[in-house]
Amino acid sequence: MAIMMLFITFVPVVLISVFIPYLTRRTESFGVSIPEDIYESEELVRMRKSYAFQCSWLGVVAIATSTAMMATLNEPWASISFSIFLLLFLVISFFLYLKFHFLMKALKQDRNWKEARSETLAIDTSFRRKKVAYSNWWFVIHGLAIVGTVIMTFAFYDRIPNRIPTNFDFEGNVTGWTDKSTRALLMLPSLQVFMTGLFIFINTIISRSKQQIDAANPEASVQRNIVFRRRWSAFSIVMGAVIIVQFFASQLSYIINLGPTFLLVVNIVGIGAILVGCIVLSFTTGQGGSRVKTVLGKQDKVINRDDDRHWKLGQFYFNPDDPAIWIEKRFGVGWTINFARPLGWGSLLAILGLALLLPILFS
């Protein structure tokens, strides 16, 4: 079962990492802004293939080594080994990205693609009035499920054993117990509330993040970006529901003996569905809707305003003059923060702090 968990989580991470250069906007390459028509040039095609090849080999070595280690180790060392190799892959793949980022910067400076092109910043003043994301009212369904979890727990309180499991290993074996109490039984509902709040926050970011429109093809860019936001908004709502159901099943197991295998299957299927959904959505939509097909034409003599100076290492946006807090990533799919705005990184620290505090409060 540990090996299955590895392939359900590690393999999707490697796949997304390998194909990130093909999922980003066509106006960006390895964290560097470029004219869209340069994206298919022979040099950039060769760079993307080289990155994908090297990252693939890195992933194969990491997965194979991790699999071999986990097959010979017992818990908890198998779990620790898995975490270490996943972290190593992420760190080394980041340095691999940096290598291509600096190559890309040098190539841009050498080719001077901006020459004879006009830099333009495109803005759609009606963008916010369009339905760019689904309403947060959809999360009322999640709220009702949470209320149902709490009602079920205390309606059948007497059926819950005096000691309840709190931790499991990759094989579904219980590795931690706690005495039954109101506080202990509110742990999973509190996590349901936290995760629902987190997905409401994510959905709000999707609807309110800074618009990024391709100046060379503004109408098509707006269409693609709306599709991009709507799809990820819908996915965040569904993903939140899947996690709420997983927590509900765990809480139900205190009342009915569902068995560790059943719970393990529920968690694996849930995690697998979320990761597969992320992969499918990333490949069919791309960053900002870059993989969504449109039929509108473009202007080759107009390019987006170059703001590379605000992107540190092509990944971290720092612009104190930009009021936007949430913006699209340059390398990858999703959103990041303007690190020059305290509200951005402050909210991330608050989320992380709350996630660490909840287990302490309800243990």
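As a reminder, the structure under discussion sits directly above these lines.
Conventions used here
- Residues numbered from 1 in each chain as written.
- Predicted model: local features only at pLDDT ≥ 70, side-chain atom pairs only at ≥ 80, totals over all residues.
- Heavy atoms only, no water.
- Helix = DSSP H or I, 4+ residues; strand = E, 2+ residues; numbered from the N terminus.
- Buried < 20%, exposed > 50% of the residue type's maximum accessible area, 1.4 Å probe, protein only.
- Contact = heavy atoms within 4.5 Å.
- Areas by Shrake-Rupley, 256 points an atom, 1.4 Å probe, with all protein chains shown as cover.
- Core = buried A, V, L, I, M, F, W, Y, C linked by side-chain atoms within 4.5 Å.
- Expected span 1.5 Å × (residues − 1).
- Salt bridge = Lys/Arg side-chain N within 4 Å of Asp/Glu carboxyl O.
- Patch = residues over 30% accessible without salt bridge, like charges linked within 9 Å, V, L, I, M, F, W, Y side chains within 5 Å.
- Phe/Tyr/Trp six-rings, centres within 6.5 Å; stacked < 30°, edge-to-face > 60°.
- Lys NZ or Arg CZ within 6 Å of the ring centre and 35° of its normal.
- Axes fitted to C-alpha atoms, helices over the stretch in contact; angles between N-to-C directions.
- Parallel < 35°, antiparallel > 145°, perpendicular 65-115°, else oblique.
- Nonpolar A, V, L, I, M, F, W, Y, C, P; charged D, E, K, R; others polar.

A tally of regular secondary structure across the protein chain gives 9 helices and 10 strands. Put simply, the protein chain has 363 residues, and 47% of those count as buried. Long-range pairs, those at least 24 residues apart, make up 73% of the contacts in the protein chain between residues at least 6 apart in sequence. Looking at the protein chain as shown, the accessible area adds up to about 18800 Å², and 67% of this sits on carbon and sulfur atoms.

Now for the nonpolar core. Ranked by size, the top nonpolar core spans 36 residues in total, and within it Trp232, Phe235 and Ile243 carry the most contacts. Looking at this core, the elements that each hand over two or more residues are helix H5 (182-185), helix H6 (187-208), helix H7 (218-252), helix H8 (260-285) and strand E10 (335-337). Looking at this core element by element, the count peaks at 9 residues for H7. If sequence neighbours within four positions are ignored, Ile243 has contacts with Met195, Phe199 and Ile274. Listed in part, the 31 residues of the second largest apolar core include Ile34, Tyr39, Ile63 and Ala78.

Moving on, we get to helix H4 (residues 140-155). Between the first and last C-alpha of H4 there are 22 Å, a value that for 16 residues agrees with the 22 Å anticipated at 1.5 Å per step. In the core, the buried residues of H4 are packed alongside H5, H6 and H7.

A separate point is the pattern of salt bridges. Within the structure shown, the criterion is met by 12 salt bridges. Ionic pairing is found between Arg111 and Asp110, a salt bridge with its closest N-O pair at 2.1 Å. The salt bridge involving Arg330 is made with Asp307; its shortest N-O contact spans 2.5 Å. Taken together, the residues Arg330 in the loop between strand E9 (326-328) and E10 and Asp307 in the loop between strand E6 (302-304) and strand E7 (311-312) connect sequence positions 23 residues apart. Asp307 matches Arg330 in its accessibility class, with the two residues each being buried. Look at the salt bridges and you will find they share partners, linking Glu28, Lys108, Asp307, Asp308 and Arg330 into a network.

Quick look at helix H3 (residues 77-111) now. Helix length check: H3 (35 residues) gives 51 Å between terminal C-alpha atoms against 51 Å at 1.5 Å per residue, within 8%. Two residues or fewer after H3 comes Asn112, characterised by a positive phi angle close to 50°.

This part is about a nonpolar patch on the surface. Together, Met69, Leu73, Trp77, Ile80, Ile84, Leu87, Leu88, Val91, Ile92 and Phe95 make up a nonpolar patch on the protein surface, roughly 920 Å² of accessible area in all. The greatest single-element share of the nonpolar patch, amounting to 8 residues, is contributed by H3. Within the element layout of this structure, Leu87 appears in helix H3. In this structure Leu87 comes out as exposed when scored by relative accessible area, which is 53%.

So, about unusual backbone geometry. Of note, Phe30 is a non-glycine position whose phi angle comes to about 50°, a positive value. Using a relative accessible area of 2% as the deciding quantity, one classes Phe30 as buried. One non-glycine residue, Asn112, lies in positive phi territory at about 50°. Assignment of secondary structure puts Asn112 in the loop between H3 and strand E3 (118-120).

In total, this model carries 18 aromatic pairs according to the counting rule given. With centroids separated by 5.5 Å and ring planes inclined at 65°, the aromatic side chains of Phe30 and Tyr51 adopt a geometry described as edge-to-face. Here Tyr51 lies in helix H2 (residues 42-72) and Phe30 lies in the loop between strand E1 (28-29) and strand E2 (32-33), a separation of 21 residues in the sequence. Comparing Phe30 with Tyr51 shows no difference in burial state: the two are buried. Ring centres of Phe154 and Tyr157 lie 6.1 Å apart, and the angle between their planes is 10°; this geometry places the pair in the stacked category. Taking relative accessible area as the criterion, Phe154 reaches 35% and is therefore assigned partly exposed. An aromatic cluster is built from Phe30, Tyr51, Phe94, Phe95, Tyr97, Phe100 and Phe331, whose rings are joined through pairwise contacts. Over the face of the ring belonging to Tyr39 we find Arg48, whose NZ or CZ atom lies 3.8 Å from the ring centre. One Lys or Arg, Lys180, reaches over the ring of Tyr157 and ends 4.4 Å from the middle of that ring.

A few words on the packing of H4 against H7. At a minimum axis separation of 10 Å, H4 and H7 run at an interaxial angle of 5°. Here H4 lies roughly parallel to H7, going by the angle between them. Mapping the contact onto sequence places His142, Ala145, Ile146, Thr149, Met152 and Thr153 in H4 and Ile237, Gly240, Ala241, Ile244, Phe248, Gln251 and Leu252 in H7. For the contact of H4 with H7, a count of residues per class yields 8 nonpolar, 5 polar and no charged.

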